[in-house]
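One letter stands for each residue in the lines below.
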Amino acid sequence: MLTFRITYIIVVIGWHQVGIRALNDVSEEDKTRDKRILLNDPSLFDQRLQQMDHKIQSMTSEIQSLTSELHQTTQNLRDVTSKLHQAEAAISKLTSSSTGKPTYVRWGKHGCGANATLIYTGQVGGSAYSQTGGAANPLCMVHDVIWGSNKPEGFMAEIRGAEYQDHFWGTGSLDKDVPCAVCSPINDASLLMIPGRNRCLPGWKEQYHGYLSANAVSHAHTTTYICVDENVEFMDAGSENDEHSFLMYGVRTHCGSLKCPPYENGKPITCVVCSK
């Protein structure tokens, strides 16, 4: 039985090799015939040349199209680059025009210090201390007023002059009208008002120092904190009309949520305006 299987395998392998030789002979014969056809048939040769020429023309047209698209893309890129440069120039101009020119109000003074340029001088105005409406913040009102054409109505806010209250601001300051000055620091781009100090932090330049001011805690109208110069001045007329308009009191500490130390209960709070 084993001898029969071995003989069968040998016969199969032999026939397989014969088949491979036959296929190789046919393949070589086909190649030879194709070569004879290609060399002996001029029309087939011309047909192949025409096909190649058509392909070359098609590729040339495609290259021209791609070249045109490349030129258009290059031009678009140049336009975008030009617009980008224009935008950068505009941003740089805006930055240079705004950086280094902040402003602040020096409350209680007619002018600015040596580290600032005076923009204008005026007087402090705000809402009356007893009003429940109006505005919380005071303004530095100009002397050279320019009016518009609108007419007053029945219901409007009011702005009044400001007065120093009590003798906190110095002898003879009670009920005196309050001046102000709008200033711009020289060569500095940043401003900072620090409550609780009368000297600037390291690296900052002092514009002025003084004391915090706001409305009294017993009054109805709420105001914002402002830093009033330590050495206050008065309006030139030195009015003492006691109109009880926008009143400027000093601000004292009240310990509790406000940690003491570092603060001390009941002491007036200093302030300083700094630039950098």
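In case you missed it, the structure is sitting above this.
1. Digging into unusual backbone geometry
Then, number 1: Looking along the chain, the bond that leaves cysteine 260 and enters proline 261 is cis, with omega of -10°.
Then, number 2: Here proline 261 lies in the loop between β9 (246-250) and β10 (270-275).
Then, number 3: In this chain, proline 261 is followed by proline 262 through a cis amide linkage whose omega measures 10°.
Then, number 4: Within the fold, proline 262 resides in the loop between β9 and β10.
Then, number 5: In this model, aspartate 166 sits at a positive phi of 60°, which is unusual for a non-glycine residue.
Then, number 6: Examined against the element boundaries, aspartate 166 turns out to sit in the loop between β4 (160-164) and β5 (179-185).
Then, number 7: In this structure, aspartate 175 is a non-glycine residue whose phi angle is positive, near 65°.
Then, number 8: Relative to the helices and strands, aspartate 175 resides in the loop between β4 and β5.
Then, number 9: Among the residues examined, aspartate 175 registers a relative accessible area of 11% and is labelled buried.

2. Remarks on the nonpolar core
Inside soluble globular proteins, nonpolar side chains tend to come together where they are buried.
Then, number 1: By size, the foremost hydrophobic cluster in this structure holds 26 residues, and its most contacted members are Trp107, Val124, Val228 and Met248.
Then, number 2: Counting only elements with at least two residues in this core, the list comes to β1 (104-107), β2 (116-126), β4, β5, β7 (205-214), β8 (226-229), β9 and β10.
Then, number 3: Here the element with the most residues in this core is β5; it accounts for four residues.
Then, number 4: If we ignore the near neighbours within four places in the chain, the residues touching valine 228 are Trp107, Gly108, Tyr164, Trp169, Tyr208, His209, Gly210, Tyr211, Ser213, Met248 and Cys271.

3. A short note on the environment of threonine 121
Then, number 1: Tracing the chain through its elements places threonine 121 in strand β2.
Then, number 2: Along the backbone, threonine 121 and histidine 110 are eleven residues apart, and their C-alpha atoms lie at a distance of 5.8 Å.
Then, number 3: Those residues in contact with threonine 121 that sit more than four places away from it in its chain are His110, Val142, His143, Cys180 and Ala181.
Then, number 4: A polar contact is formed between the side chain of threonine 121 and the backbone oxygen of histidine 110, at a distance of 2.9 Å.

4. Digging into a nonpolar patch on the surface
Then, number 1: Taken together, the side chains of Leu139, Met141 and Ile159 present a nonpolar region at the surface, about 240 Å² in accessible area.
Then, number 2: Structurally, the position occupied by isoleucine 159 is in the loop between β3 (139-142) and β4.
Then, number 3: Residue class for isoleucine 159 comes out partly exposed when judged on its relative accessible area of 44%.

5. Some details on the state of the cysteines
Then, number 1: For the structure on display, the rule yields five disulfides.
Then, number 2: A disulfide bridge connects cysteine 112 with cysteine 183, and the sulfur atoms are separated by 2.0 Å. On the sign convention where negative is left-handed, the bridge of cysteine 112 and cysteine 183, at about -95° about the S-S bond, is left-handed. Linking cysteine 112 in the loop between β1 and β2 with cysteine 183 in strand β5, this pair joins segments that are 71 residues apart in sequence.
Then, number 3: Here cysteine 200 pairs with cysteine 274 through a disulfide, and the sulfurs are 2.1 Å apart. Taking the torsion about the S-S bond as the criterion, the cysteine 200 to cysteine 274 disulfide, at about -105°, is left-handed. Of this pair, cysteine 200 sits in the loop between β6 (191-195) and β7 while cysteine 274 sits in strand β10, and the two are 74 residues apart along the sequence.
Then, number 4: Classification of cysteine 200 as buried rests on a relative accessible area of 14%.

6. A look at the pairing of β4
Then, number 1: Alignment of β2 against β4, held across two bridges, turns out to be antiparallel. Counted as the bridge partner of glycine 125 is glycine 161 from β4.
Then, number 2: Of the strand pairs in this sheet, β4 and β9 are connected by three bridges, and their pairing is parallel. Pairing of glutamate 163 across the sheet is with leucine 247, part of β9.

7. A closer look at the side chain of serine 184
Then, number 1: Its place among the elements puts serine 184 in strand β5.
Then, number 2: According to the relative accessible area criterion, serine 184 is buried, its value standing at 12%.
Then, number 3: Side-chain polar atoms of serine 184 contact the backbone oxygen of proline 102, separated by 3.1 Å.
Then, number 4: Not counting residues within four places of it along the chain, the set of residues in contact with serine 184 comprises Lys101, Pro102, Thr103, Ala116, Thr117 and Ile119.

Conventions used here
Residues numbered from 1 in each chain as written. Predicted model: local features only at pLDDT ≥ 70, side-chain atom pairs only at ≥ 80, totals over all residues. Heavy atoms only, no water. Helix = DSSP H or I, 4+ residues; strand = E, 2+ residues; numbered from the N terminus. Buried < 20%, exposed > 50% of the residue type's maximum accessible area, 1.4 Å probe, protein only. Core = buried A, V, L, I, M, F, W, Y, C linked by side-chain atoms within 4.5 Å. Contact = heavy atoms within 4.5 Å. Polar contact = N/O pair within 3.5 Å; in protein donor to acceptor, adjacent residues only side chain to side chain. Patch = residues over 30% accessible without salt bridge, like charges linked within 9 Å, V, L, I, M, F, W, Y side chains within 5 Å. Areas by Shrake-Rupley, 256 points an atom, 1.4 Å probe, with all protein chains shown as cover. Salt bridge = Lys/Arg side-chain N within 4 Å of Asp/Glu carboxyl O. Disulfide = S-S within 2.5 Å. Pairing = 2+ DSSP bridges.

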